[in-house]
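Descriptive analysis of the structure
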Amino acid sequence: MSSDAHWKLSPWVSSPTFAAFRRGRFIVVELQSPHRVTTTSPYVGGMNEGIRHLVNHQSCEAAEHNERFLEITEAGLDGYHRQVCDELSLMPGHTAVMGTAANMIYAAHQSLEFQDLRVDAIVTAGVEGNAVTSGDPSQWVETPSGWTKAPHVAGTINTIVLVNRPLKPEAHVRAILTITEGKS
């Protein structure tokens, strides 16, 4: 990563374990130490202990942004991931990327502490042209050649949850279930 990355000016949110930067179309979370990360990012998805950056990226506008949609789909999932990482001067193999039409200026952050445990959540969601809830029908179809837009509108609820200390595997799974329930 370039030490003079344009997004790395002053943290929007910080803690001893991470710093989150919000700049333009991006939220970049820089992990200060190794973490066990569970991500749906196609390039580095699954459970991964090599992730150093989490990125939420406004990849397009909420409605009728067909040119950008074509550019992303033509690049393919891996190509899109590399494009985002290149723009941010980040290493693709150590970066989890999420895309959304939600504007990063409206991202919500909430932190809660109990004794020595701290949990931070950074969330974006559509509220107008692409607003959906997690129970709505899927709007995207994943095929071996990439993603295809289903008819109607698409929407996302992107969630980054950070815990300041390692969780046992069973607690990690429970946290993912609780996060999913919260989105519902």
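For the structure itself, consult the block above.
Notes on the structure in this doc start here. (Residues numbered from 1 in each chain as written. Predicted model: local features only at pLDDT ≥ 70, side-chain atom pairs only at ≥ 80, totals over all residues. Heavy atoms only, no water.)

Once that is clear, we can look at the sheet that holds strand β6 (residues 53-58). With respect to topology, 5 strands assemble into an open sheet ordered β1-β2-β3-β6-β7, the strand pairing being mixed. Two strands close off the open sheet at either side, each with one partner strand: β1 (13-14) and β7 (95-100). Bridge count between β6 and β7: 6 bridges; the pairing is parallel. Across the sheet, asparagine 56 pairs through a bridge with methionine 98, a residue of β7. (Pairing = 2+ DSSP bridges. Helix = DSSP H or I, 4+ residues; strand = E, 2+ residues; numbered from the N terminus.)

Picture the strands of a sheet paired through backbone hydrogen bonds; they go either parallel or antiparallel. On the basis of which strands lie adjacent, the open sheet formed by 3 strands has the order β8-β9-β12 and antiparallel pairing. Only two strands of the sheet have a single neighbouring strand rather than two, namely β8 (108-114) and β12 (157-163). Each neighbouring strand pair of the sheet contributes to a mean axis angle of 15°, computed without reference to strand direction. Relative to β12, strand β9 (residues 117-125) is paired through 7 bridges, and the arrangement is antiparallel. Bridge pairing in β12 places alanine 121 opposite valine 161. (Axes fitted to C-alpha atoms, helices over the stretch in contact; angles between N-to-C directions.)

On to the side chain of asparagine 56. Within the secondary structure, asparagine 56 is located in strand β6. There is a polar contact of 2.9 Å between the side chain of asparagine 56 and the side chain of threonine 124. What asparagine 56 contacts, discounting residues up to four positions off in sequence, is Arg25, Phe26, Ile27, Met98, Thr100, Met104, Thr124, Asn158 and Ile160. (Polar contact = N/O pair within 3.5 Å; in protein donor to acceptor, adjacent residues only side chain to side chain. Contact = heavy atoms within 4.5 Å.)

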